[in-house]
Amino acid sequence: MDIFIFIFIFKGINPKNLFIMKKIMLLLMGFLVFFSCSEDNADTLQKQSIEKNLDLESSDPSPSSDRFASCDYVTDITVSDLGDLSAEESTIIEHFNRNALFDGLSNYSEIIYVYNDTNGKEFIEAIADNEESGLTTLRVEVQSQEVESQSASSRFMISLSMSADTCSGVNCSKCSFTKDGGCKCDKIGSINGGASYCNHSTSC
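Parameters and conventions
Residues numbered from 1 in each chain as written. Predicted model: local features only at pLDDT ≥ 70, side-chain atom pairs only at ≥ 80, totals over all residues. Heavy atoms only, no water. Helix = DSSP H or I, 4+ residues; strand = E, 2+ residues; numbered from the N terminus. Buried < 20%, exposed > 50% of the residue type's maximum accessible area, 1.4 Å probe, protein only. Contact = heavy atoms within 4.5 Å. Core = buried A, V, L, I, M, F, W, Y, C linked by side-chain atoms within 4.5 Å. Salt bridge = Lys/Arg side-chain N within 4 Å of Asp/Glu carboxyl O. Arc of directions from axis to C-beta. Phe/Tyr/Trp six-rings, centres within 6.5 Å; stacked < 30°, edge-to-face > 60°. Lys NZ or Arg CZ within 6 Å of the ring centre and 35° of its normal. Polar contact = N/O pair within 3.5 Å; in protein donor to acceptor, adjacent residues only side chain to side chain. Pairing = 2+ DSSP bridges.

## Concerning the overall build of the protein
Logical step 1: Each helix and strand in the protein was counted, giving two helices and eight strands.
Logical step 2: When the elements of the protein are put in sequence order from the N terminus, they spell out α-β-α-β-β-β-β-β-β-β.
Logical step 3: Per-residue burial over the protein gives 25% buried out of 204 residues.
Logical step 4: Within the protein, counting contacts between residues at least 6 apart in sequence, those at least 24 apart form 49% of the total.

This is how it looks when you write it as structure tokens:
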């Protein structure tokens, strides 16, 4: 809004009127300064609010966005004996927890390295509690290789992939993997519960 102030000073103008006109001019200038500052402050506050909201959005990702890893995620561990993974169990379990297929599983135990001589594949297998169906047998596909070591004993690096399987029992208290990649029920849960079998699930 433009405000035009015209001040006409004529020769012989009444000094009293001139004083009043000066007061009016100063008052109008004060209003202009006030409104200008108010608009600047409003713009600054709005800008700060927008920047704050953007910061919150960038620092508040989806709760599950980084919980599970993608299919190309790999974890490397090094052991002195493929038959003893106890020193790396915590790292292995952390890798398990990054796999969406294992969501709902807990209390991992009997973590072992397995070589399938039928197809030449390697796995790390384990048993875990399933909140829905009791015990679940699980595994992730791995690749192992012997690495150089300064000591006389051998060292093996195992790369854990996200390619995984689970066998969950239905009226079956213990499931295991078959060499052809399926599941079998090793121990019937109850003779009165109907058929006993294991559900097979895979990922990646």
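Anyway, onward from the coordinates.
## Considerations on the nonpolar core
Logical step 1: Ranked by size, the top nonpolar core spans 21 residues in total, and within it Phe96, Ile124 and Ile158 carry the most contacts.
Logical step 2: Elements with a minimum of two residues in this core: strand 1 (75-79), helix 2 (89-97), strand 2 (105-115), strand 3 (122-130), strand 4 (134-147) and strand 5 (155-170).
Logical step 3: Apart from the residues lying within four places of it in its own chain, the contact partners of Phe96 are Phe102, Tyr108, Ile124, Ala126, Leu138 and Val140.
Logical step 4: The next biggest cluster of nonpolar side chains, apart from the first, holds five residues, and it includes Cys167, Cys172, Cys175 and Cys198.

## Looking at the pattern of salt bridges
Logical step 1: Overall, the coordinates contain two salt bridges when judged by the stated rule.
Logical step 2: Salt-bridge contacts for Asp117 lead to Lys179; the nearest nitrogen and oxygen are separated by 3.0 Å. In this pair, Asp117 is assigned in the loop between strand 2 and strand 3 and Lys179 in the loop between strand 6 (172-177) and strand 7 (183-188), connecting sequence segments 62 residues apart.
Logical step 3: Of the residues examined, Lys179 reaches a relative accessible area of 48% and is grouped as partly exposed.
Logical step 4: Among the ionic pairs, Arg139 bridges to Asp165, the shortest N-O distance being 3.6 Å. Of the two residues, Arg139 is situated in strand 4 and Asp165 in strand 5; the sequence distance between them amounts to 26 residues. Each member of the pair, Arg139 as well as Asp165, is classed as buried.

## Details of helix 2
Structurally, the α-helix is built with 3.6 residues per turn, so residues lying three or four positions apart point the same way.
Logical step 1: Of the positions making up helix 2, those classed as buried are Ile92, His95 and Phe96. What you see down the axis of helix 2 is that its buried residues fit within an arc of 105 degrees, all on one side. Seen from the buried face of helix 2, the exposed residues on the opposite side, beyond 90 degrees, are Ser90 and Glu94.

## Comments concerning the packing of aromatic side chains
Logical step 1: On inspection of all chains with the given rule, the structure shows two aromatic pairs.
Logical step 2: Clustering of aromatic rings is evident, with ring pairs tying together Phe96, Phe102 and Tyr108.
Logical step 3: Across the ring face of Phe123, the terminal group of Arg139 is positioned such that the distance to the ring centre comes to 3.9 Å.
Logical step 4: Geometry around Phe177 places Arg139 over its ring, the cationic atom sitting 4.1 Å from the centre.

## Structural notes on the environment of Glu122
Logical step 1: Among the structural elements, Glu122 can be located in strand 3.
Logical step 2: Judged by relative accessible area, Glu122 falls into the buried class, the value being 14%.
Logical step 3: In sequence terms Glu122 and Leu160 are 38 residues apart; their C-alpha atoms lie 9.8 Å from each other.
Logical step 4: The contact partners of Glu122, leaving out residues within four places of it in the chain, are Tyr113, Val114, Tyr115, Val140, Glu141, Val142, Gln143 and Ser144.
Logical step 5: A polar side-chain atom of Glu122 sits 2.5 Å from a polar atom in the side chain of Tyr113.
Logical step 6: Of the polar contacts made by the side chain of Glu122, one reaches the side chain of Ser144; its length is 2.3 Å.

## Topic: the pairing of strand 3
Logical step 1: Across the nine residues of strand 3, eight count as buried, placing the element largely inside the fold.
Logical step 2: Here seven bridges tie strand 2 to strand 3, and the two strands are oriented antiparallel to one another. Its bridge partner lying in strand 3, Ile112 is registered against Glu125.
Logical step 3: The antiparallel pairing of strand 2 with strand 3 creates a hairpin that spans six residues between the two strands, and Gly120 there sits at a positive phi of about 75 degrees.
Logical step 4: Direction of pairing for strand 3 relative to strand 4: antiparallel, over a ladder of nine bridges. Bridging from a neighbouring strand, Ala128 pairs with Thr136 of strand 4.

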